[in-house]
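Structural overview for review
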Amino acid sequence: MTVATGERAGAVHVSGELLDTKRIGAFRHLTVVAPGVPERFRPGNFVAISLGDSSFLARRSYWVHRVRPVGGYGAAIQLVVDPNGVGGAWLAGLPAGSRIKVTGPLGRPFALPKEPVSCLLVGEGYSAAPLFPLAERLRERGCAVTMVVAGADEAHLLSSLEARRSVRAVTVVTADGSVGQKGRVAGVIEEALARSQAEVVYAAGPHDTLHAVAAAAEAHGAWSQTAVEVPQPCATGLCHGCPVPVVGEDGVARVARACSDGPVLRGDRVRWGDLG
Amino acid sequence: MTVELAGLTLANPLLVASGCGGTGRELVPCLGEQGLAALGGFVTRSITLDARAGGPAPRVVETPSGLLHATGLPNPGIDLFLATELPWLARQDTRVVVSVAGRTIGEYAELARRLGRSPGLAAIEVNVDALETGSGEPFQAASVVAAVKRDLPRGLPVLVKIRPDLVRVVETVRVVLEAGADAVVVGTAQPAALPDGRPAGLSGPAVRPLALRCVTEVCAAFPAAQVVGGGGIATAADARSFLAAGAVAVQVGAALLHDPTTAARLAADLTQELV
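Starting from 1, residues in each chain are numbered consecutively following that chain's sequence as written. Chain labels run from A onward and ligand labels from 1 onward, assigned in the order the entries are written. pLDDT decides what is reported in this predicted model: residues at 70 or higher carry local features, side-chain atom pairs at 80 or more are listed and counted, and totals for whole chains, interfaces and linings draw on all residues regardless.

Quick look at the overall build of chain B now. Numbering goes from the N terminus for both helices and strands, where a helix is a DSSP run of H or I of at least four residues and a strand is a run of E of at least two. Secondary structure summary: chain B contains 8 helices and 14 strands in total. In terms of overall dimensions, chain B is globule-like: its C-alpha atoms have a radius of gyration of 17 Å, near the 19 Å expected for 275 residues. Seen through its principal axes, chain B has C-alpha atoms that stretch 45 × 40 × 40 Å. In this scheme the burial state of a residue depends on its C-beta neighbours within 10 Å: 20 or more other such atoms mean buried, 12 or fewer mean exposed, and anything in between means partly exposed; the C-beta positions come from the backbone. Among the 275 residues that make up chain B, the fraction classed as buried is 55%. Residues are treated as contacting if the C-beta atoms built from their backbones sit within 7 Å of each other. In chain B, of all internal contacts separated by at least 6 residues, the share reaching a separation of at least 24 is 73%. We compute the radius of gyration from the C-alpha atoms alone; for a globule the expected value is 2.2 Å times N to the 0.38, where N is the number of residues.

Quick look at the structure:
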């Protein structure tokens, strides 16, 4: 089985319109009309947003959670925003109708298997966002898709109801046991891998979760694709400010840029122990 | 309308500052149809003799109206740069200025020798701040410039990037000009520290008035000198204030990290201005 390498899609820089903003659990879901972005989007891409207050210079990156048609607008992108921190609080507080500077789609997307193999998708918190469009894409290719959706509690869990509609089986895990199994991803990944017989594992979440998934995948002889989240000051490959320690194909330790060499990287290529 | 800088003809007075344009390829989609040809010139990130992986995270940290950066100069080293990056840059129909950084004066000289034998670059920009000892000392900067000039096999112009430190900037410019610099770039990042105490540079609008003051003083002290101004330029009005102070050209850097389309906008605006 081969995994197609990710291709770089051209990004556009547009003034987007915030069409709709709604709170779901602990997160805020934003629907943004950003012409040119939906057409170029592939699962695993992200967008970079400039804050309205130009004294904040670093950009904020958000996974594209969904592309959906919007009457009269063509298509819009949906983002999941954790309303913490300067950027998240600002975005979450914007009223519908606001203009937002958006660059995207950016980054290397998830590589898709060429054959219809069994795939396991593991996501935690808001970071699970890019796995939903990925699940649809994999299903279109005839892959059997199993999903693990995790979060601190029910409020920090992305819509598992929806996931249940699009994939074969969903395991829900919360740290406090408020819904689904009580525990962490690391505690259920072995069983999920064994049950799904997955050949490819896709993961999106905090670094320790990605590390656990990548290690388990390797132990099972599965490929893993991890969506690595680090702050990306420019998000466009210019500043070298988003280092991710990796090992090259040649076995040599290198430092990749999350925004342009990633953010989706092979789990067995990331030096997790060196990633702060 | 074009501008003359150190014997080079630039399509317009806008250069992308070192370290803010990636390898150049990342900037292309943000520059419109012309690509890098839209720029007066492109300054590469600083290239060192050996490959450098760069420093630990965080490397770039936001601070009000500025960015603190301590990247550790990640670059592939001169050999790989000459083999993989410069040939592409040379085909882009812009003035390619290669920024060089060394730990010692000897390393700068070696970099100059290697670059002097390579086709495709228009000039060298010396990043004197990378010196392991005596960085910021005017006489050290002059020694680096003298070594680079001596070892350049052909008449490649040498630009020297100087820290906009008001106390020493005029003296530093005087000695590097005496040492043979063809132009000076006033607008390196201000020395600062990351929240964890590591040394860093501060760039962005926060430093613009400081840099403008330094450019003004340098241009007044050396009316015949070729001065490139930079530091926090984000709008065409910012750029014009540096040109009005006497700069021949300007560099835009940190603004690209916030909005990568800034360079194309400024270049178009400044080109119009000159016509």
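This part covers the sheet that holds strand β10 (residues 183-186) of chain B. Residue and element names in this part refer to chain B. A strand pair is defined by DSSP finding two or more bridges across the two strands. With parallel pairing, 8 strands are arranged side by side around a closed barrel as β3-β4-β7-β8-β9-β10-β13-β14. Geometrically, the sheet is characterised by an average inter-axis angle of 25° between neighbouring strands, direction not taken into account. Pairing between strand β3 (residues 14-16) and strand β14 (residues 249-252): 3 bridges, direction parallel. Within the sheet, the bridge partner assigned to Leu15 lies in β14 and is Gln251. Here an angle of 0 to 180 degrees is reported between the N-to-C directions of two axes, which are lines fitted to C-alpha atoms, with helices fitted over the stretch in contact.

A word on the pairing of strand β3 (residues 46-50) of chain A. All names here are of chain A. Within β3, 5 of the 5 residues are buried, which leaves the element mostly enclosed by the surrounding structure. Here β3 pairs with strand β6 (residues 99-106) via 4 bridges, running antiparallel. Across the sheet, Ser50 pairs through a bridge with Lys101, a residue of β6.

All names here are of chain A. Where a domain begins and ends is set by an automatic assignment or by a domain database. In terms of domain boundaries, chain A breaks down into domain 1 (12-106) and domain 2 (118-227). Computed over C-alpha atoms, the centres of domain 1 and domain 2 are 24 Å apart. The interface of domain 1 with domain 2 comprises 12 residues on the first partner and 13 residues on the second. Classification used: nonpolar for Ala, Val, Leu, Ile, Met, Phe, Trp, Tyr, Cys and Pro, charged for Asp, Glu, Lys and Arg, polar for all others including Gly. Its residues assigned to classes, the side of domain 1 that touches domain 2 comprises 7 nonpolar, 3 polar and 2 charged.

Turning next to unusual backbone geometry. A negative phi angle is the norm for most residues apart from glycine, just as the trans form is the norm for most peptide bonds. Cis peptide bonds are those with omega within 30 degrees of zero, and the linkage from Gly104(A) to Pro105(A) qualifies with -5°. That bond from Gly262(A) to Pro263(A) is cis: its omega, 5°, falls within 30 degrees of zero. On the secondary structure map, Pro263(A) appears in the loop between β14 (253-257) and β15 (264-266). At Ala6(B), a residue that is not glycine, the phi angle is positive and equals roughly 50°. Along the chain, Ala6(B) turns up in the loop between β1 (3-5) and β2 (8-10).

What follows deals with the packing of helix α3 (residues 138-151) of chain B against helix α4 (residues 169-178) of chain B. All names here are of chain B. Two numbers describe how α3 lies on α4: the axes approach to 8 Å, and their chain directions differ by 25°. Here α3 is positioned roughly parallel relative to α4, judged by the angle of their axes. Viewed along their axes, α3 and α4 form a crossing whose handedness is right-handed. The segment α3 lies against α4, with Pro138, Phe139, Ala141, Ala142 and Val145 engaging Glu171, Thr172, Val175, Val176 and Glu178. Of the residues belonging to the contact of α3 with α4, the class tally is 7 nonpolar, 1 polar and 2 charged. Here roughly perpendicular refers to angles of 65 to 115 degrees, roughly parallel to angles under 35, roughly antiparallel to angles over 145, and oblique to all remaining angles. Working rule for handedness: look at the near helix, and if it is turned counterclockwise from the far one by less than a right angle, call the crossing left-handed; if clockwise, right-handed.

A word on the interface of chain A and chain B. Taken together, the contact pairs 25 residues of chain A with 30 residues of chain B. A class-by-class count of the residues in the side of chain A that touches chain B yields 12 nonpolar, 10 polar and 3 charged.

Turning next to the environment of Ala221(B). Relative to the elements of secondary structure, Ala221(B) occurs in helix α5 (residues 208-221). Distance in space between the C-alpha atoms of Ala221(B) and Gly155(B) is 26 Å, their sequence separation being 66 residues.

The next subject is the sheet that holds strand β7 (residues 118-124) of chain A. Sheet strands pair via backbone hydrogen bonds, and the direction of the pair is either parallel or antiparallel. All names here are of chain A. Reading across the sheet, the 7 strands line up as β10-β9-β8-β7-β11-β12-β15 and stay open at both edges, with mixed pairing between neighbours. Of all strands in the sheet, those with a lone pairing partner are β10 (181-182) and β15, marking the two edges. In this sheet, strand β12 (residues 223-227) lies alongside strand β11 (residues 200-204) in parallel orientation, the contact comprising 5 bridges. Bridge pairing in β12 places Ala203 opposite Thr226. Of the strands in this sheet, β7, β8 (144-151), β9 (169-174) and β10 touch helix α5 (residues 185-196), which is tilted by about 165° from β7. Sheet strands in contact with helix α6 (residues 207-219) are β7, β11 and β12, and its direction is about 170° off that of β12.

So, on to the environment of Ala204(A). Note that Ala204(A) resides in strand β11. Once the C-alpha coordinates of Ala204(A) and Gly251(A) are considered, the two residues, 47 residues apart in sequence, prove to be 24 Å apart.

Below, the discussion takes up the confidence of the model for chain A. All names here are of chain A. One confidence number per residue, pLDDT, is output by the predictor and ranges from 0 to 100. Put simply, chain A has an average pLDDT of 91, and 96% of its residues get 70 or more. Mean pLDDT across the secondary structure elements of chain A bottoms out at helix α4 (residues 160-166), with 71, and peaks at β11, with 98. Throughout residues 1-8 the model reports pLDDT below 50, and contacts reaching past four residues in sequence, or to other chains, amount to 18 contacts.

As a further point, take the packing of α4(B) against α5(B). All names here are of chain B. Interhelical geometry of α4 versus α5 gives an angle of 50° and a closest axis separation of 9 Å. The orientation of α4 relative to α5 falls into the category oblique. For the crossing formed where α4 meets α5, the hand is right-handed. Along its contact with α4, which presents Val169, Val170 and Val173, the element α5 presents Cys214, Glu217, Val218 and Ala221. Here the residues of the contact of α4 with α5 sort into 6 nonpolar, no polar and 1 charged.

With that settled, the discussion passes to α6(A). Residues and elements named next belong to chain A. For a helix, the expected span equals 1.5 Å multiplied by the number of residues minus one. Helix length check: α6 (13 residues) gives 18 Å between terminal C-alpha atoms against 18 Å at 1.5 Å per residue, within 8%. Here α6 has its buried residues at Thr209, Leu210, Ala212, Val213, Ala214, Ala216 and Ala217. Contacts from the buried residues of α6 go to β7, α5, β11 and β12. Backbone geometry just downstream of α6 places Gly221 in the positive-phi region, at approximately 75°.

Turning our eyes to something else, we now look at the confidence of the model for chain B. Residue and element names in this part refer to chain B. Taken over all residues, the pLDDT of chain B has a mean of 93, while the share at 70 or more is 98%. Put simply, helix α8 (residues 262-274) is where chain B has its lowest mean pLDDT, 86, and strand β7 (residues 96-100) is where it has its highest, 98. On the interface metric, ipTM, the complex scores 0.90, and its pTM is 0.92.

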